[in-house]
Amino acid sequence: MSVFPEIIKSISSQHQQHKNLNLFYGGKSAALAWTPYTRYLLATYPKEILQLNTDGLTAGLVNYLTEQAQLAFCAVNQYMNVSGAAGESLKAVYRALLEDIIRILKSKRTDFGGLEELHGERLTQWLLQTNPFVRELNGVNQQHVQGVVCAEYSPAMQLSVLRLDPATMKGPVLDIGCGQHAYLVRHLQEQGIAATGIDRFIDHTEDYLVATDWLEYPLETGYWGTIISNLSFSNHFLHHHQRSNSEYLRYARKYMDILAALQPGGSYHYAPQLPMIEAYLPADKYFIEHYSVGDHFKNTVITKR
């Protein structure tokens, strides 16, 4: 029999039990206790789990565990860095977890208490090394943290916020941070507009959708007619700028790469605005416009001369 459905159910139960858990609560690493279902799985299917290792199938399981953890972390704080080197080190945490589980099952032991504590310590250390601001933000006094609101908006709303008209939009189009479902990109494709979307998390990947970190996505100079980022890239840029960590320099460099990737006459539409870098753009190269979005913030439209 296939044990994969049971493992997926177990992973889901773990995430549900530890949803929004503050790993720094009490000033020490949290022990991520196994759920009753996970304990049942380990006790009932040890041979099947060990067979996965024998068959070389644990790498796919490590990838799935990592992806689910990335989604869970970003559901609590969308500004967390979970890709690139941070993603690889997170994968190493889950690879070590699987190796330890297999070692314990081979020894025919049934005590996983020490491993639960060790896994919590590894995840806490991963947070401290890759996203140190999280400890400062969450503190140590609250057992759970409040999840962020990170919604995907309708194509019509995004077009309105970004001051975009599909009838006059210059192609090809790149949506940076298109969202897990890439609503706007799919809408533009339906209108016959060549559009590409990039995001860390994308469901049902099409050939015009790329699951990647936007800081690592290569941008060809002078290629794009329109580049879009609605409440995504610029929000993250502002977050890292205000924290004054090393990430803001990467965002600044990527921002300039985005402008360089525009065709002459091409435009970059984003919200919210980024006054700390827009003020330094040469007026002979870029025409900058701002529009109010309700009473809350302004967007920016930069046209390359």
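Residues numbered from 1 in each chain as written. Predicted model: local features only at pLDDT ≥ 70, side-chain atom pairs only at ≥ 80, totals over all residues. Heavy atoms only, no water.

Draft legend 1. Summary view of the sheet that holds strand β3 (residues 209-211). Taken in spatial order, the seven strands of this open sheet run β3-β2-β1-β4-β5-β7-β6, and their pairing is mixed. If you trace the sheet from one side to the other, it starts and ends with β3 and β6 (286-293), each paired once. Within this sheet the neighbouring strands show an average axis-to-axis angle of 15°, counted without direction. In terms of strand pairing, strand β1 (residues 173-176) meets strand β2 (residues 195-199) through four bridges, oriented parallel. Bridge pairing in β2 places Ile-176 opposite Ile-198. (Pairing = 2+ DSSP bridges. Helix = DSSP H or I, 4+ residues; strand = E, 2+ residues; numbered from the N terminus. Axes fitted to C-alpha atoms, helices over the stretch in contact; angles between N-to-C directions.)

Draft legend 2. Representation of the layout of surface pockets. Roughly 950 Å³ of volume is contained in the largest pocket. Gln-14, His-15, His-18, Ala-72 and Tyr-94 are the residues nearest the centre of the largest pocket, which is lined by 42 residues in total. Secondary-structure elements contributing two or more residues to the lining of the largest pocket are α1 (4-17), α2 (36-44), α4 (58-76), α5 (84-106), α6 (113-130) and α7 (133-138). For the lining of the largest pocket, the residue count by class is 28 nonpolar, 13 polar and one charged. (1 Å grid on protein atoms, 1.4 Å probe; cavity = no way out; pocket = protein on both sides within 12 Å on 5 of 7 lines; lining within 4 Å. Points joined across faces, edges and corners; volume = space filled by probe spheres on them. Nonpolar A, V, L, I, M, F, W, Y, C, P; charged D, E, K, R; others polar.)

Draft legend 3. Molecular detail of the environment of Gly-222. Structurally, Gly-222 is set in the loop between β3 and β4 (224-230). For Gly-222 and Gly-113, which are 109 residues apart along the polypeptide, the C-alpha to C-alpha distance reads 56 Å. Those residues within four positions of Gly-222 in sequence are excluded, and the remaining contacts are Ala-260, Ala-261, Leu-262 and Gln-263. (Contact = heavy atoms within 4.5 Å.)

Draft legend 4. View of the packing of helix α10 (residues 233-243) against helix α11 (residues 247-260). As a packed pair, α10 and α11 sit with axes 8 Å apart at the nearest point and diverge in direction by 145°. Note on packing geometry: the crossing formed by α10 with α11 is left-handed. Between α10, through Phe-233, His-236, Phe-237, His-240 and His-241, and α11, the contact on the second element is made entirely by Glu-247, Tyr-248, Tyr-251, Ala-252, Lys-254, Tyr-255 and Ile-258. Here the residues of the contact of α10 with α11 sort into seven nonpolar, three polar and two charged. (Left-handed = near helix turned anticlockwise from the far one by under 90°.)

Draft legend 5. Examining unusual backbone geometry more closely. That bond from Gly-171 to Pro-172 is cis: its omega, -5°, falls within 30 degrees of zero. Here Pro-172 shows up in the loop between α8 (155-161) and β1. Cis geometry is found at the peptide bond from Ala-271 to Pro-272, where omega equals 0°. Topologically, Pro-272 is positioned in the loop between β5 (262-271) and α12 (275-278).

Draft legend 6. Layout of the environment of Ala-260. Here Ala-260 shows up in helix α11. The sequence separation of Ala-260 and Ala-72 amounts to 188 residues, and the corresponding C-alpha distance is 34 Å. Leave out the neighbours within four places in its chain, and Ala-260 touches Thr-221, Gly-222 and Lys-304.

Draft legend 7. Region of the structure containing empty space enclosed by the protein. Overall, the coordinates contain one cavity of 30 Å³ or more when judged by the stated rule. In terms of lining residues, the largest cavity is bounded by 14 residues, among which Met-80, Arg-200, Asp-213, Trp-214 and Tyr-251 are the most central. Here the residues of the lining of the largest cavity are counted per class, giving six nonpolar, five polar and three charged.

Draft legend 8. Layout of α11. Across its 14 residues, α11 extends 20 Å between first and last C-alpha, which sits within 8% of the 20 Å expected from 1.5 Å per residue. If you check which residues of α11 are buried, you get Glu-247, Tyr-251, Lys-254, Tyr-255, Ile-258 and Leu-259. Each buried residue of α11 lies within a common arc of 145° when the element is viewed along its axis, so the set occupies one face. (Expected span 1.5 Å × (residues − 1). Buried < 20%, exposed > 50% of the residue type's maximum accessible area, 1.4 Å probe, protein only. Arc of directions from axis to C-beta.)

Draft legend 9. Up close: the packing of α1 against α4. Viewed as axis vectors pointing N to C, α1 and α4 meet at an angle of 25°, and their least axial separation amounts to 11 Å. The orientation of α1 with respect to α4, classified from their angle, is roughly parallel. Note on packing geometry: the crossing formed by α1 with α4 is right-handed. Here Ile-7, Ile-8, Ile-11 and His-15 of α1 lie close against α4, whose contacting residues are Leu-61, Tyr-64, Leu-65, Gln-68, Ala-69 and Ala-72. Residues of the contact of α1 with α4, tallied by class, amount to eight nonpolar, two polar and no charged. (Parallel < 35°, antiparallel > 145°, perpendicular 65-115°, else oblique.)

Draft legend 10. Quick peek at the pattern of salt bridges. Under the defined criterion, the tally for this structure stands at six salt bridges. As a salt-bridge pair, Arg-186 and Glu-206 come within 3.5 Å of each other at their nearest N and O atoms. With Arg-186 in helix α9 (residues 183-190) and Glu-206 in the loop between β2 and β3, the pair connects residues that are 20 residues apart, well separated along the chain. Taking the relative accessible area as the measure of exposure, Arg-186 reaches 21% and is therefore partly exposed. By relative accessible area, Glu-206 is classed as partly exposed at 34%. Measuring nitrogen to oxygen at the nearest pair gives 3.4 Å for the salt bridge that ties Arg-250 to Glu-247. Taken together, the residues Arg-250 and Glu-247, both in helix α11 and three residues apart, mark about one turn of the helix. Under the relative-accessibility criterion, Glu-247 is labelled buried at 15%. Here the salt bridges do not stand alone but share partners, grouping Asp-100, Arg-103 and Arg-122 into one network. (Salt bridge = Lys/Arg side-chain N within 4 Å of Asp/Glu carboxyl O.)

As far as function goes, none of this settles anything; it's purely spatial.
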